[in-house]
Amino acid sequence: WKIRRVSEQRQFFRRTDERLKVTIPIRFIQPTWRPNEDGIIPPEEGMTLDISAGGLATYLNRPLAVGEVCEMTLPSIGTAKEGREISGAVAVVCWAREAPKGSPFRRVAGFQFRFADSVERQQMQDYVANIKKRYKL
C-alpha cells in the first residue's frame, strides 16, 4: 500500500444545462477545411450521444483536435418553432477519442457551444427543451 498526502483542493463543477441522452443526426464543417473541386466544403456527418444547451457529445469519422472550432447544423425536430433546424451553431472541441469497437463511427468527440449573444443561447435552450418535450425525456 502506498499512502500519500493530497494537498491540492479539488473542485467539482455542476453542469448548468441538463444533458439529454438522445441520438440525432448532425452535420458539421470547419471553414478552414480544403474545399472540393467545386469550391464547396462538404459537411461531415455525425450522430449525437447526448445534447444540452451548452454542448453535445457525438460520434464522427473525421479526426478533430481539441480546440478546433466547427459550425454545427442540427436538424428540425417536429413542427414547433422551437424545433426548427439550427445551422451555423459555433462549437469548440473539448475532447476527442477513438470510438469503442462496434460503434457506427470511428471517433467520439465532445463539443461546447459558443454563443455570440443571449438570443443564440436562448434559441439553443428552446431547441433542447423541445427535444425533451417531444421525446418525453
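Not measured: the values here are computed from a predicted model.

Can you walk me through the overall build of the chain in this structure?
Per the secondary structure count, the chain includes one helix and six strands. Start at the N end of the chain and walk to the C end: the helices and strands fall as β-β-β-β-β-β-α. Taken across its 137 residues, the chain has 34% of its residues classed as buried. Taking contacts inside the chain between residues at least 6 apart in sequence as the whole, the part at least 24 apart equals 59%. If you sum the accessible surface of the chain, you get close to 9700 Å²; carbon and sulfur atoms cover 50% of it.

Hey, could you run me through the sheet that holds strand E4 (residues 69-74) in this one?
Pairing within the closed barrel is antiparallel, and its six strands lie in the order E1-E2-E3-E6-E5-E4. Direction aside, neighbouring strands of the sheet carry axes that sit 45° apart on average. Bridge count between strand E2 (residues 44-51) and strand E3 (residues 55-60): five bridges; the pairing is antiparallel. Across the sheet, Met-47 pairs through a bridge with Tyr-59, a residue of E3. Contacting E2, E4, strand E5 (86-98) and strand E6 (107-114), helix H1 (residues 118-134) crosses the sheet at an angle of about 75° to E5.

Explain the packing of aromatic side chains to me, please; I cannot follow it from the model alone.
The geometry of two aromatic rings is summed up by the distance between their centres and the angle between their planes. Taken as a whole, this structure holds four aromatic pairs when the rule is applied. Ring centres of Tyr-59 and Phe-105 lie 6.3 Å apart, and the angle between their planes is 15°; this geometry places the pair in the stacked category. One end of the pair, Tyr-59, is in strand E3; the other, Phe-105, is in the loop between E5 and E6, with 46 residues separating them in the sequence. Judged by centre distance (6.0 Å) and plane angle (45°), the rings of Phe-113 and Phe-115 are tilted. A connected cluster of aromatic rings, assembled from ring pairs, spans Phe-28, Trp-33 and Phe-111. Stacked on the ring of Trp-33, the Lys or Arg Arg-62 has its end atom at 3.7 Å from the ring centre.

What should I look at first to understand unusual backbone geometry in this one?
Leaving glycine aside, a negative phi is the common case for residues, and trans is the common case for peptide bonds. With a phi close to 50°, Lys-136 is a non-glycine residue in the positive phi region. Along the chain, Lys-136 turns up in the segment after H1. We classify Lys-136 as exposed; its relative accessible area is 74%.

Explain the environment of Val-90 here, please?
Looking at the secondary structure, you find Val-90 in strand E5. A relative accessible area of 32% places Val-90 in the partly exposed class.

Criteria and cut-off values
Residues numbered from 1 in each chain as written. Predicted model: local features only at pLDDT ≥ 70, side-chain atom pairs only at ≥ 80, totals over all residues. Heavy atoms only, no water. Helix = DSSP H or I, 4+ residues; strand = E, 2+ residues; numbered from the N terminus. Buried < 20%, exposed > 50% of the residue type's maximum accessible area, 1.4 Å probe, protein only. Contact = heavy atoms within 4.5 Å. Areas by Shrake-Rupley, 256 points an atom, 1.4 Å probe, with all protein chains shown as cover. Pairing = 2+ DSSP bridges. Axes fitted to C-alpha atoms, helices over the stretch in contact; angles between N-to-C directions. Phe/Tyr/Trp six-rings, centres within 6.5 Å; stacked < 30°, edge-to-face > 60°. Lys NZ or Arg CZ within 6 Å of the ring centre and 35° of its normal.

These figures come from the coordinates and say nothing about function on their own.
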